[in-house]
Each structure stands twice: as C-alpha cells, then as structure tokens.
Amino acid sequence: MLSNLFNQFWPYTVDGLSLGAIYALMALGYTMVYGVLRLINFAHSEIFMIGTFAALGMLHLFGMPSNVSGFALIGLLIVLALTGAVASGGSAVILEYVAYRPLRRKGASRLAALISAIGASLFLQQLFARLVIPAAFGLPKEKGALPVQGHFVQKSNVIHIGSFELSNDRLIVIVGAVLMMILLDVFVERTKLGRGIRATAQDPETAVLMGVNIDRIVTATFAIGGAMAGVAAALYLLRFEETRYDVGFLLGIKAFTAAVLGGIGNLRGALVGGLVLGLFEMYGSAIFGSEWQNVVAFSVLVLVLMFRPTGILGESLQQARA
C-alpha cells in the first residue's frame, strides 16, 4: 500500500539503491560484451556466481571472521573484491575462449553464440552444484544446492538524520559500486585499451585496418566485465552474507534488465539503470507486497522494450566520445 511506502520511504530507498548498485555492476558485463560483439552473454550470471564462491572461499581461509567492523571490514572487503574480480575475470576469459571464440572464428550466427551462452550457463550451474561446492565446502552431493552462509559483518548505522538511517554495509555497497563505475568509465575513455574497445565497438573492420588486435580487445572486454561481476559478488556477499549455485539466475536477468533500462551498450546507462531498477523493485514491494518484487522488475523490462527500447540514456558504447 502507498501508506507503507510513505511511512518507510527512506529504508526502502536505501535498500533499493544498495540492491541496484549490485545490479549496475553486473550490468556492466552485459553492456560491454554487447557493445563490442553484439552478444548477450547469458552465462555472465554464472561468472558472478563464481565470484561469490571465490570470495566465500577466501573467507574460509581467514577462518570465517565474525563481527568485523571499521577499517578491518574495509580491508577484508578489498581482499574479497580482488579475489572475486580475479576469479570472475579469469572465468570470463576462459568462457570466451572455449564457448565463443571458436564460433566467432567460424563466422557462426549470433543465434549460435546465444545458444552456446545458455548451454555454458547451465553447465556451470550444474558443475558447481554437483562437483565444486561438495568438494570445496564439504557438502554432500545431494546438498550441493543448499545456501552457503557466513555472517562476518558487524552492521551498524553510520548516518542517522531524522527517519533516515544508513547502515555501514549498504553505504559500502553503494559507494563501492559508484567508485568502480567511475574507474571503468575513466579507463574506457582515456586509456589506449579503452580506445581500442570503443573503436572495435564502432567499426571492427576499420579497427583491424588501424592495427587493433580484435582477439585482444574481446579478451579484455570479457576480463573487465567479469572483474566487475566479481566485485559485485563481493558486495553481494557483504550485503546478504550467503550464496548458492544458482544465485546468479535471477540477479543476472535483473542485471540484463538494468542494462536495457539504462541503454544496452552504455556504461553510464548501466549504473543509472541498475539504481533505478533497484528503486522500482523496493517501491513496488512496498506498495504491492514483497512477493511482487520480481514481477515489478520484469514488468519494467517489458515496458522499456515496448516504449523506449533504447533505454533511459540511449547512447551505446560505439557512440561514445572518441
């Protein structure tokens, strides 16, 4: 009901922004790959999942610390983010080499690449559910799909103004996502590799004539998009303190929705789309009930495709400033 939203406006807003920040970081992988290859990498959700388990494995190496706060929490989060980024980025590069590059070299259709992405997604899900999780975390095979939990954050309110409260975990998620988005935007706009990515997105044939190594650019694109998903995985673990083999399924679809909402192929649009989608979800759950949260998210996708398929910003990576 609307009264519920008005009474709890700030809590829903903070939750929406923190959730949307995770969507935004995941959406970067979709939008970068689409901008360069015109491919929707549906296995990106499993790249995120791999990052969550890599970060969780690092927590196990630290002995599952509990009630971490202050600078220790920041330091721990940096370690988890680096671990997730390396694991997810490396997995994305392997995925591109195994599932997409052979098709690209043979001139296969985009439909073939899309089918390959779906197959890779299902393969990685079942691999982790039946082999990796039981082996790495000691769960029996029939329990491989159960959530793996680890409570390690001492949560506290760092900002309290009237009815507005902001806890440390939500603040870190929002600030961390925005900082990563800024770093990526600067990288793409001002570095030689970033210019190569934009040139390939704009005109791959001309880029090759100008000396751009397409394979190198594609590998870098997957690595960067995967690394962003790995950072999102660490932030997700901080925020929700759990993961499972199919954790990326709904998150991946919603991140794709965020990419479409902001403008598919638009890096800044991914951030805007993620934050807006997170707010829509939380406001929708306040008005209609939490069971309608996913319905609201996917309704946004349908409405955007119907009335503004170019998204909020509408500018693709290939049209970015040269």
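Residues numbered from 1 in each chain as written. Predicted model: local features only at pLDDT ≥ 70, side-chain atom pairs only at ≥ 80, totals over all residues. Heavy atoms only, no water.

Let us look at unusual backbone geometry. A positive phi is found at Arg-38, a non-glycine position, where the angle reads about 55°. Locating Arg-38 in the fold gives a position in the loop between helix H2 (9–37) and helix H3 (44–61). (Helix = DSSP H or I, 4+ residues; strand = E, 2+ residues; numbered from the N terminus.)

Turning to the pattern of salt bridges, a few remarks are in order. Inspection of every chain in the model, using the stated rule, returns 10 salt bridges. For Asp-246, the salt bridge is made with Arg-244, and the minimal N-O distance between the two is 2.5 Å. Overall, the relative accessible area of 25% leaves Asp-246 in the partly exposed class. For Arg-244, a relative accessible area of 27% corresponds to the partly exposed category. Linking Glu-281 and Lys-254 is a salt bridge whose minimum nitrogen-to-oxygen distance equals 3.3 Å. Remark: Lys-254 occurs in helix H10 (residues 248–262) and Glu-281 occurs in helix H11 (residues 267–288); sequence separation between them is 27 residues. (Salt bridge = Lys/Arg side-chain N within 4 Å of Asp/Glu carboxyl O. Buried < 20%, exposed > 50% of the residue type's maximum accessible area, 1.4 Å probe, protein only.)

Attention shifts here to the environment of Gln-202. Topologically, Gln-202 is positioned in helix H7 (residues 192–202). Once the C-alpha coordinates of Gln-202 and Gly-35 are considered, the two residues, 167 residues apart in sequence, prove to be 8.4 Å apart.

We now examine the pairing of strand E2 (residues 157–161). Judged from the 4 bridges that link them, E2 and strand E3 (residues 164–167) form a sheet pairing that is antiparallel. Note on E3: the bridge partner recorded for Ile-161 is Phe-164. With antiparallel pairing between neighbouring strands as the criterion, E2 and E3 make up a hairpin whose turn holds 2 residues, including Gly-162 at a positive phi of roughly 60°. (Pairing = 2+ DSSP bridges.)

Helix-helix packing: each pair is described by the crossing angle between the helix axes and the interaxial distance. Packing of H2 against H11 leaves a shortest axis separation of 6 Å and a crossing angle of 140°. For H2 against H11, the interelement crossing comes out right-handed. Counted by class, the contact of H2 with H11 contains 19 nonpolar, 7 polar and 2 charged residues. (Axes fitted to C-alpha atoms, helices over the stretch in contact; angles between N-to-C directions. Left-handed = near helix turned anticlockwise from the far one by under 90°. Nonpolar A, V, L, I, M, F, W, Y, C, P; charged D, E, K, R; others polar.)

Structural measurements only, silent on function.
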